[in-house]
Amino acid sequence: MTSKQAAADTSSWAGSTKPEFLKLVPHRLWLLGQAGDLFGFFQYTSINPRGGFYDLDTVGRPLAETQGHEDVRQLHVTTRMVHCFAIAHLLGRPGADRLIDQGMDFLWKGHRDSDNGGYVWGISEDGISNSTKQAYGHAFVLLAGASAKVVGHPDADRLLEDVSTVLDDRFWDDGVGATTEEYAQDWAPISDYRGQNSNMHLTEALMAAYEATGDGEYLNRAGRIADLIINRNARAVDWRVAEHFDANWNVDLHYAGDPVFRPSGTTPGHALEWSRLLIQLWELEGRKSDWMPEAARNLFHNACVQGWDPQTGGFYYTLDWNNAPDQSDRFWWPCCEGIAAAAVLGQVFPDEGFETWYRRIWSFTDTHLIDRKNGGWFPALDDNLLPTERVFVGKPDIYHAVQACLIPLCPTSGSITRGLAQAGDGLVTG
């Protein structure tokens, strides 16, 4: 049997949907084991003595030491490591506190611009390597601060206050109800581009900040972003998530930018991510917005029908506006978001289809994305389902994969850190 045939088998049949996997203690323990493997891969070699964290190669060694890559530490990596090891701390993992300290210290002393305010994107051995200040990065600073506060880190309030002020003063467009995008170090605007990706992650971070602080303005802003990006724009284009906009929030169908953060066309993984976030927002707002569960179901359905390769399995990274594959590599993170979304929606809606997709996506992930030899997950596969480094090098990130393992174990009514903090024995028993 070829690898493509094997993938087709796992993508077309997931077995009986009874009993539900998440009601089985052995499955919940399996999820915790997968998360533990990820923490183990990143925990012991990621700490950079110059501050922040190394990017890792395929076997878990620092890229800067093994392959001659420049020692650049990017804001989204620093913040995500804080968030993820706050999660590890909530799971009782010894040593996780050390990585939280490492990241929080470098956010304040490395990325933070003490003269102009805000947080720069990249730091190298020689100082600032990328001085831009991006909404995407600042959303993750807010998430890191919220997660640090949940675990009681002494610098969490300082970080939350600082980044919230920056978001208020520099990024938030109250007339629209969304964030602007990017600035130079001195806050000169770089472009008129507006993007959904930064706004989606800001929605995630705003909800986490609301849960950590009780400040209702965070939740209000999350709702306003969701209304703009999904209720108005995604609804208008058959429940596809438009990624790119001009300064007046008109969809730019022809935009093509950075292949990691701003690819052309639509991204099924973001539709899956939004479907989960909408349920969380719906719950936090007291289930008052009827459009949110409707949108969540439509986004999930369309992403699976249009974005999943029915022959080999896996989600295409991007589609064009005719719903044909544009960038056909299978990245790991859309599968992560599909797993989390299927688990969350399956807990809210009595539809066996979500259980089927939960099993189907996990089967593909277990078969093709988890690196059983070296640890971690492969970030991208080509059309033959072989690892490729066209876009990503090494094992660049723990954030998406560890959340795929743990969000299914948490209640649908809040963020992962809140869910883990409140779970107790229910994390295993359900």
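Residues numbered from 1 in each chain as written. Predicted model: local features only at pLDDT ≥ 70, side-chain atom pairs only at ≥ 80, totals over all residues. Heavy atoms only, no water.

Novice: What's the story with the packing of helix α2 (residues 25-43) against helix α4 (residues 75-90) in this structure? I'm lost.
Specialist: Two numbers describe a pair of packed helices, the interaxial angle and the distance between the axes. For the pair α2 and α4, interaxial distance at closest approach is 11 Å and the crossing angle is 130 degrees. Judged by the inter-axis angle, α2 sits oblique to α4. Helix-helix and strand crossings are classified by hand; for α2 and α4 the assignment is left-handed. Residues Phe 39, Phe 42 and Gln 43 of α2 form the contact with α4, whose participating residues are Met 81, Cys 84, Phe 85, Ile 87 and Ala 88. Looking at the contact of α2 with α4, its residues break down into seven nonpolar, one polar and no charged. (Axes fitted to C-alpha atoms, helices over the stretch in contact; angles between N-to-C directions. Helix = DSSP H or I, 4+ residues; strand = E, 2+ residues; numbered from the N terminus. Parallel < 35°, antiparallel > 145°, perpendicular 65-115°, else oblique. Left-handed = near helix turned anticlockwise from the far one by under 90°. Contact = heavy atoms within 4.5 Å. Nonpolar A, V, L, I, M, F, W, Y, C, P; charged D, E, K, R; others polar.)

Novice: I tried to follow the environment of Trp 239 on my own but got confused; where do I start?
Specialist: Here Trp 239 shows up in the loop between α9 (216-236) and β9 (244-245). A sequence separation of 152 residues divides Trp 239 from Val 391, and the C-alpha atoms of the two residues are 27 Å apart. Contact partners of Trp 239, with chain neighbours within four places excluded, come to Ile 230, Ala 234, Glu 294, Ala 295, Asn 298, Leu 299 and Asn 302.

Novice: How should I be thinking about the side chain of Thr 388 in this particular structure?
Specialist: With respect to the element layout, Thr 388 can be found in the loop between β13 (380-381) and α14 (399-406). Excluding residues within four positions of it along the chain, Thr 388 makes contact with Asp 329, Ala 380, Leu 381 and Asp 382.

Novice: Even after reading the chapter, I still don't get unusual backbone geometry, so can you show me in this structure?
Specialist: With glycine set apart, most residues show a phi of negative sign, and most peptide bonds adopt trans. Lys 18 connects to Pro 19 through a cis peptide bond whose omega is -10 degrees. Within the secondary structure, Pro 19 is located in the loop between α1 (3-12) and α2. Here Trp 187, not a glycine, exhibits a phi torsion of approximately 75 degrees, which is positive. Among the secondary structure elements, Trp 187 is positioned in the loop between β7 (182-183) and β8 (194-195). Accessibility expressed as a relative area gives 8% for Trp 187, which makes it buried. (Buried < 20%, exposed > 50% of the residue type's maximum accessible area, 1.4 Å probe, protein only.)

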